[in-house]
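# Structural features, examined
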Amino acid sequence: MGSNLLPINALERNMKNIPEFSVLPKHVGIIMDGNGRWAKQRNLPRYKGHIEGAKTFRKIGEFAADVGVKCLTFYAFSTENWKRPQEEIDAIMALFRDYLIEAEERSAENEEKGIQLRFLGDRKGIPEDIVAMMNHIESMSSDKSKVVLNIAVNYGGRHEIANAVRKIAEKVRNGEMDICDIDEDTISDLLYTKGLPDPDLIIRPSGECRLSNFLTYQSAYSELWFSDVLWPDFTEDDFLEALREFEKRNRRFGGV
Ligand code: FPP
């Protein structure tokens, strides 16, 4: 992803055979799951599944932008994923590093296209060279607004909320904030997703029906869509199916 991540015009849309939707989610979150099982089914080491998963990430990212989704969040590595064998962690970080190098190389192109890249999660623990690239890429694209692409790395929803609570407590202790002024926006503004809409739709492939600490605060009213397809096999048609289903959902946000 990166090179072609840009909303397309009507002609291109027609040529690419991309359907129109009466309603599109403003923000789609995707839990990229099933890489390990994909590899196991083929008697391959797990990292091969992540290599294929990274290809699917690029493919679906580009496609989602073509369809017109303006904000995307991919869950690449959770705060719990450090429990995996070091070899697998290194393989995932290497794939992430490759992607960042590619994004830096294409920064001029991305700038022209108005793509904002953001990284959600705790940077502590991530290899230093990767963090340097994350910081650089993020600062270069922070004023772009056509498409926001978030990649969650060393991300955990509870960890994110705990950080926000700690910051609020500090403000109260320092007399910068009154307890009575704490509301939902106070918390939202202290999350990695500050300023972004909450995810309207969260997609999880691979047959697991849970959120696994993904966008815990932000997903309060998200529509959830699960599929048995393993992430490396996830196609553009699967993504369209999720959007079609979203189109049919009746969102009431607690109303009637
Ligand atoms: C979950 O599948 C997947 C991950 C923990 C890693 C996802 C990472 C990538 C797709 C590569 C990231 C790269 C970029 C460029 C963002 P799993 O391993 O838990 O699968 P399983 O449940 O079948 O074992």
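Quick note: structure is the one above.
Fair warning: this is a prediction, and the values are worked out from it, not measured in the lab. (Residues numbered from 1 in each chain as written. Predicted model: local features only at pLDDT ≥ 70, side-chain atom pairs only at ≥ 80, totals over all residues. Heavy atoms only, no water.)

### Quick notes on the pattern of salt bridges
Rules: Each reported salt bridge corresponds to a side-chain nitrogen of Lys or Arg within 4 Å of a carboxyl oxygen of Asp or Glu. Helix and strand labels come from DSSP, where a helix needs a run of H or I of at least four residues and a strand needs a run of E of at least two; each type is numbered from the N terminus. Residue exposure (1.4 Å probe, protein chains only): buried if accessible area is under 20% of the type maximum, exposed if over 50%, otherwise partly exposed.
Within the structure shown, the criterion is met by 19 salt bridges. Here Glu 247 ties to Arg 244 by a salt bridge, and the two come within 2.9 Å at their closest N and O atoms. Of this pair, Glu 247 and Arg 244 both sit in helix α9 (residues 236-248), three residues apart, roughly one helical turn. Looking at Glu 247, the relative accessible area reads 23%, which means it is partly exposed. Via salt bridges that share partners, Asp 33, Arg 37, Arg 204, Glu 208 and Arg 210 belong to a single interconnected network.

### Here's the deal with the site of the ligand
Note the following rule: Neighbouring residues are identified by heavy atoms, a residue being near a molecule or strand if any of them is within 4 Å of it. Residues adjacent in sequence count toward polar contacts only when both atoms are side-chain atoms; beyond that, a polar contact is any pair of N or O atoms within 3.5 Å, and within protein one must be able to donate a hydrogen and the other to accept it.
If you check the shell around the ligand, you find 18 residues, and the closest are Met 32, Gly 36, Arg 37, Arg 46 and Arg 84. In the model, an oxygen atom of the ligand is placed 3.2 Å from a nitrogen or oxygen of the Asn 35 main chain. Measuring from an oxygen atom of the ligand, one finds a side-chain N or O atom of Arg 84 at 2.7 Å. Broken down by secondary-structure element, the contributors of at least two residues to the shell around the ligand are α2 (35-41), α3 (46-67) and α4 (86-105).

### Some thoughts on α9
To be explicit about the condition: Given a helix with a known number of residues, its expected span is that number minus one, times 1.5 Å. Whether two residues are in contact is decided by their heavy atoms, any of which lying within 4.5 Å being enough.
With 13 residues, α9 should cover 18 Å at 1.5 Å per step; its first-to-last C-alpha distance of 19 Å lies within 8% of that length. Looking at the packing, one finds that the buried side of α9 touches β1 (27-31), α3, β5 (201-204) and β6 (223-226).

### Focus: the sheet that holds strand β3 (residues 115-120)
Strand pairing in a sheet relies on backbone hydrogen bonds, with the paired strands running either antiparallel or parallel. Selection criterion: DSSP calls a pair of strands paired once it identifies at least 2 bridges connecting them. Helix axes are fitted to C-alpha atoms over the stretch in contact, other axes to C-alpha atoms as well, and angles between N-to-C directions run from 0 to 180 degrees.
One open sheet holds the six strands; their spatial order is β3-β4-β2-β1-β5-β6, and the pairing between them is parallel. Strands at the two margins of the open sheet, each flanked by one partner only, are β3 and β6. Between one strand axis and the next, the sheet turns through 20° on average, direction left out of account. Relative to β6, β5 is paired through four bridges, and the arrangement is parallel. Within β6, the residue paired with Ile 203 across the bridge is Trp 225.

### A word on the packing of α3 against α4
Under the convention used in this document: Put simply, angles under 35 degrees are roughly parallel, angles over 145 are roughly antiparallel, angles from 65 to 115 are roughly perpendicular, and the rest are oblique. Rotating anticlockwise by less than a right angle from the far helix to the near helix defines a left-handed crossing, while the corresponding clockwise rotation defines a right-handed one. Only Asp, Glu, Lys and Arg are considered charged in this grouping, and only Ala, Val, Leu, Ile, Met, Phe, Trp, Tyr, Cys and Pro are considered nonpolar; every other residue, Gly among them, is considered polar.
Two elements in contact, α3 and α4, have axes separated by 9 Å at closest approach and are oriented at 30°. Judged on the interaxial angle alone, α4 and α3 are roughly parallel. Classified by chirality, the crossing of α4 by α3 is right-handed. On the side of α3, the interface is formed by Arg 46, Tyr 47, His 50, Ile 51, Ala 54, Phe 57 and Arg 58, while α4 contributes Glu 88, Ala 91, Ile 92, Leu 95, Asp 98, Tyr 99 and Glu 102. Along the lines of polarity and charge, the residues of the contact of α3 with α4 split into eight nonpolar, one polar and five charged.

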